[in-house]
Amino acid sequence: MHRVFSGIQPSGVPQLGNYLGAMRNWVALQDGHECIYCVVDLHALTTWQDPKQLASQTREMAASLLACGIDAKQHILFNQSAVPAHVRLAWIFNCVARMGWLNRMTQFKDKAGKDRENVSTGLFVYPNLMAADILAYRATRVPVGDDQRQHLELANDIAQKFNHDYATEFFPAIEPVILGVAARVMSLRDGTKKMSKSDPSDQSRINLTDEPEAIALKIRRAKTDPAPLPGDPAGLEGRPEAANLVGIYAALAGTDLAGVLREHGGKGFGAFKEALAELLISHLSPIAEETRRWLDDPGAIDAVLRDGAARAAEIADPIVDEAERLVGLLKP
Ligand code: TYM
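Residues numbered from 1 in each chain as written. Predicted model: local features only at pLDDT ≥ 70, side-chain atom pairs only at ≥ 80, totals over all residues. Heavy atoms only, no water.

**Digging into the pattern of salt bridges**
In step 1: Applying the stated rule across the entire model yields 19 salt bridges.
In step 2: The residue Asp321 makes a salt bridge to Arg88 at a minimum N-O spacing of 2.8 Å. With Asp321 in helix 13 (residues 298-327) and Arg88 in helix 4 (residues 85-94), this pair connects stretches of sequence that are 233 residues apart.
In step 3: Among the residues examined, Asp321 registers a relative accessible area of 25% and is labelled partly exposed.
In step 4: Two residues, Arg184 and Asp146, come together in a salt bridge whose shortest N-O distance is 3.1 Å. Remark: Asp146 occurs in the loop between strand 4 (141-143) and helix 8 (149-165) and Arg184 occurs in the loop between strand 5 (175-177) and helix 9 (212-221); sequence separation between them is 38 residues.
In step 5: Residue classification places Arg184 among the partly exposed residues on the basis of a relative accessible area of 42%.
In step 6: Residue Asp146 is classed as partly exposed on the basis of its relative accessible area of 22%.
In step 7: A cluster of three or more residues bridged by salt bridges with shared partners is formed by Arg88, Asp321, Glu324 and Lys331. (Salt bridge = Lys/Arg side-chain N within 4 Å of Asp/Glu carboxyl O. Helix = DSSP H or I, 4+ residues; strand = E, 2+ residues; numbered from the N terminus. Buried < 20%, exposed > 50% of the residue type's maximum accessible area, 1.4 Å probe, protein only.)

Below is the structure:
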């Protein structure tokens, strides 16, 4: 059975892109795989987090994942900082990865922008910790959105270089699992920018905790162009906002772009947006309600995370012990 690993940062409330690009697929993969899912609080620290909020956001992210259908009994759900094996392996990978490799990471370039001299060194080595997250479990399948593809290629480069440098086959190859028509959900305000929980504009995204009225309003206000919807997917070319809304609709309705356009092609955006908002509300309201139910009992969430961390450590500790032995660290 393949072992699945994936992570999500508790740097804000999860948004629709997280849900369609990742969380929903995490839930689906539970059938037939051994799954380990992690709220990556150490990754969140790479950009400033208010210490008063980080712990509660970690708990809230866990609540959202449970509400989406993560089964923390059959599988494992925990927060990254509770399993020290991740940072032990990350240090070794800091010494395996090359500056040139990390310099090519587009996410670092985007996040650092013009202020490169002033971002944390953690942000630069972020992908090494991500490789350690996965390889501390020798996981082989990693469900993510399209924006994480380059990081997973780097994780494979690190695993290969480790194996080569230490003449071993210890780390397996990692296969990205990037699924569906909504592997890259874009901002509602700008169809060329990815939807993100850290975008300063709340109007740019649908949060999984948004009330139905807020969802309807954000979709009504979502940027579009004046032309009606095209009759087939080729007509979405050069219309990023239209393509994004049709993609979201298709993902939620369990169909493809052609299927949506067969039904809605030729119509204006008014009617289509009404239908899209309804679809979103019917999917997300039960998740928001279940999240609130979990958040009423923070002790229960902490118990899930504690149990998950203990079971995660049981798998990761011996693997990272062996990696340390392979590089020659003394284990007296
Ligand atoms: P993060 O927290 O930015 O996002 C969590 C997951 O959501 C996906 N995602 C999207 N998918 C489609 N459209 C979007 N607009 C969108 N925005 C986010 C991301 O691709 C991701 O799958 N580095 C990772 C966290 C991480 C990780 C790992 C992932 C740490 N260690 C090990 C996999 C394996 C991140 O920042 O995700």
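Continuing now.
**Quick look at the packing of aromatic side chains**
In step 1: Per the stated rule, a full pass over the model turns up 10 aromatic pairs.
In step 2: Plain terms: the ring middles of Phe5 and Tyr137 are 5.4 Å apart, the flat faces sit at 15° to each other, and that makes the pair stacked. Here the residue Phe5 occupies a position in strand 1 (residues 3-8), and Tyr137 occupies one in the loop between helix 7 (121-135) and strand 4, the gap between them amounting to 132 residues. The same class applies to Phe5 and to Tyr137, which are both buried.
In step 3: Each ring, one from Phe93 and one from Phe171, has its centre 5.6 Å from the other, and the planes form 75°; the classification is edge-to-face. Here Phe171 lies in the loop between helix 8 and strand 5 and Phe93 lies in helix 4, a separation of 78 residues in the sequence.
In step 4: By relative accessible area, which is 0% here, Phe93 ends up buried.
In step 5: We classify Phe171 as buried; its relative accessible area is 4%. (Phe/Tyr/Trp six-rings, centres within 6.5 Å; stacked < 30°, edge-to-face > 60°.)

**Things to note about the domain arrangement of the protein chain**
In step 1: As far as domains go, the protein chain holds domain 1 (3-183 + 297-327) and domain 2 (202-293).
In step 2: Centre-to-centre separation of domain 1 and domain 2, based on C-alpha positions: 29 Å.
In step 3: Each partner contributes residues to the interface: domain 1 has 15 residues there, and domain 2 has 19 residues.
In step 4: For the pair domain 1 and domain 2, the summed buried surface comes to about 1300 Å²; carbon and sulfur atoms form 74% of the total.
In step 5: Linking domain 1 to domain 2 there are 0 salt bridges.
In step 6: One can count 3 residue pairs in polar contact (both at pLDDT 80 or more) joining domain 1 with domain 2.
In step 7: Elements that contribute at least two residues to the side of domain 1 that touches domain 2 include exactly helix 1 (16-29) and helix 3 (51-68).
In step 8: With 5 residues, helix 1 is the single largest residue contributor to the side of domain 1 that touches domain 2.
In step 9: Grouping the constituent residues of the side of domain 1 that touches domain 2 by class yields 11 nonpolar, 2 polar and 2 charged. (Domains from an automatic or database assignment. Contact = heavy atoms within 4.5 Å. Buried area = accessible area lost by both parts, 1.4 Å probe. Polar contact = N/O pair within 3.5 Å; in protein donor to acceptor, adjacent residues only side chain to side chain. Nonpolar A, V, L, I, M, F, W, Y, C, P; charged D, E, K, R; others polar.)

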